[in-house]
Amino acid sequence: MTDSYTAKQHYQQHDVAGDYDRERFSGLRGWFVNRLEQGLLMKTMEGVSQGGRVLDLPVGTGRMSRRLDAEGYRAVGTDVSEPMLRISANLAGGRANLARGDGERLPYRDGAFAAAICFRLLVHLPAPARKNVLREMARVATERVVAVYQPHRIALWWLLYGLLLRRKLPLHFVSDDDIREELADCGLRLVRSHTLLRGVFMERAYVLEPSSGT
Ligand SMILES: C[S@@+](CC[C@H](N)C(=O)[O-])C[C@H]1O[C@@H](n2cnc3c(N)ncnc32)[C@H](O)[C@@H]1O
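This write-up is about the structure you can find in this document. (Residues numbered from 1 in each chain as written. Predicted model: local features only at pLDDT ≥ 70, side-chain atom pairs only at ≥ 80, totals over all residues. Heavy atoms only, no water.)

For the rest of this paragraph, the subject is the overall build of the chain. Of the regular secondary structure elements, the chain holds 8 helices and 7 strands. Here the C-alpha atoms of the chain give a radius of gyration of 16 Å, agreeing with the 17 Å that 2.2 N^0.38 yields for 214 residues. Dimensions of the chain, computed from the C-alpha atoms along their principal axes, are close to 45 × 35 × 35 Å. Relative to its full complement of 214 residues, the chain shows a buried share of 51%. A total accessible area of about 10,400 Å² is found for the chain, and carbon and sulfur atoms account for 52% of it. (Helix = DSSP H or I, 4+ residues; strand = E, 2+ residues; numbered from the N terminus. Rg over C-alpha atoms; globule rule 2.2 N^0.38 Å. Buried < 20%, exposed > 50% of the residue type's maximum accessible area, 1.4 Å probe, protein only. Areas by Shrake-Rupley, 256 points an atom, 1.4 Å probe, with all protein chains shown as cover.)

Encoded structure:
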């Protein structure tokens, strides 16, 4: 397991967890981004039968898990941060299925889920940790893995993007080609991909099939 990246410790601070939703998803812009990301989630889930167990890694404050449950899936949220899990449990009125765990070594048996989704984590991780997480998702999901990255094309565009939209630049730049290679390396077959909002928000969701699912 890797400990050399900030996101693993950062969100374990109570104040950081407490500010998470307000800092990202409040106001018109936050509402819009959250709505877009949830729309993206539902596009990536097309083809996965409702009722299936879906691993939400990392669950954070639970916005994706609550949406999955509302759509008829059975979400299981996992996160390394106790404070984030507590907020997630509160926001779900105690009805959420949550467990503390590290994405690099998931506390689940092989094939325990129909699908596994990963939003807003891979961009924080250095390549070795990303691969550990992807391999773990490929191991526990039978039908579908969803991995969201911010593929980098032109550094200048990223600079403008950061300045104009006041968005943080990714810590680890990876191109679409590198991502495809990385996914294949981790036993994941690319089925399709969707952008969050072409030309504006760079996030891209890769919809994948674990090799064990064929
Ligand atoms: C930016 S938040 C994303 C939360 C959620 N997926 C969302 O989209 O709102 C990143 C989360 O990743 C969690 N995290 C960081 N490293 C992790 C790891 N190795 N295993 C599990 N969770 C991790 C943090 O605790 C934090 O809750």
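Having seen it, we continue.
Next up on the list: the pattern of salt bridges. Scanning the entire structure with this criterion turns up 14 salt bridges. Ionic pairing is found between D110 and R139, a salt bridge with its closest N-O pair at 2.8 Å. Of this pair, D110 sits in the loop between strand 3 (98-100) and strand 4 (113-118) while R139 sits in helix 6 (residues 127-140), placing them 29 residues apart in sequence. Look at D110 and you get exposed, because its relative accessible area is 54%. The salt bridge partner of R180 is D176, with a shortest N-O separation of 2.8 Å. Of this pair, R180 and D176 both sit in helix 8 (residues 176-185), separated by 4 residues, roughly a single helical turn. Residue classification places R180 among the partly exposed positions, given a relative accessible area of 38%. Overall, D176 belongs to the partly exposed group, its relative accessible area being 22%. Each of the salt bridges in this network shares a partner with another, and the network as a whole consists of K8, D102 and E104. (Salt bridge = Lys/Arg side-chain N within 4 Å of Asp/Glu carboxyl O.)

Taken together, 20 residues lie near the ligand, and Y5, P58, R63, D79 and G103 sit nearest. Contact between the ligand and R63: an oxygen atom at 2.8 Å from a side-chain N or O atom of the residue. The separation between a nitrogen atom of the ligand and a polar main-chain atom of V80 is 3.3 Å. In isolation the ligand offers 600 Å² of accessible surface; the protein chains occlude 99% of this area. (Near = heavy atom within 4 Å. Polar contact = N/O pair within 3.5 Å; in protein donor to acceptor, adjacent residues only side chain to side chain.)

In this section: the environment of V80. Tracing the sequence through the fold places V80 in the loop between strand 2 (74-79) and helix 5 (82-91). Those residues in contact with V80, other than ones at most four positions away along the chain, are K8, Q12, R100, G101 and D102. (Contact = heavy atoms within 4.5 Å.)

As a further point, take helix 3 (residues 27-44). Look at helix 3: 26 Å from first C-alpha to last across 18 residues, which is about the 26 Å you get at 1.5 Å a residue. Every buried residue of helix 3 is accounted for by G30, V33, N34, L36, E37, Q38, L40, L41, M42 and T44. (Expected span 1.5 Å × (residues − 1).)

What follows covers the pairing of strand 6 (residues 188-197). Both strand 6 and strand 7 (residues 201-210) contribute to a ladder of 8 bridges, which runs antiparallel. Of the residues in strand 7, the one forming a bridge with L190 is L208. The loop that links strand 6 with its antiparallel partner strand 7 comprises 3 residues; one of these, G199, has a positive phi angle of about 80°. (Pairing = 2+ DSSP bridges.)

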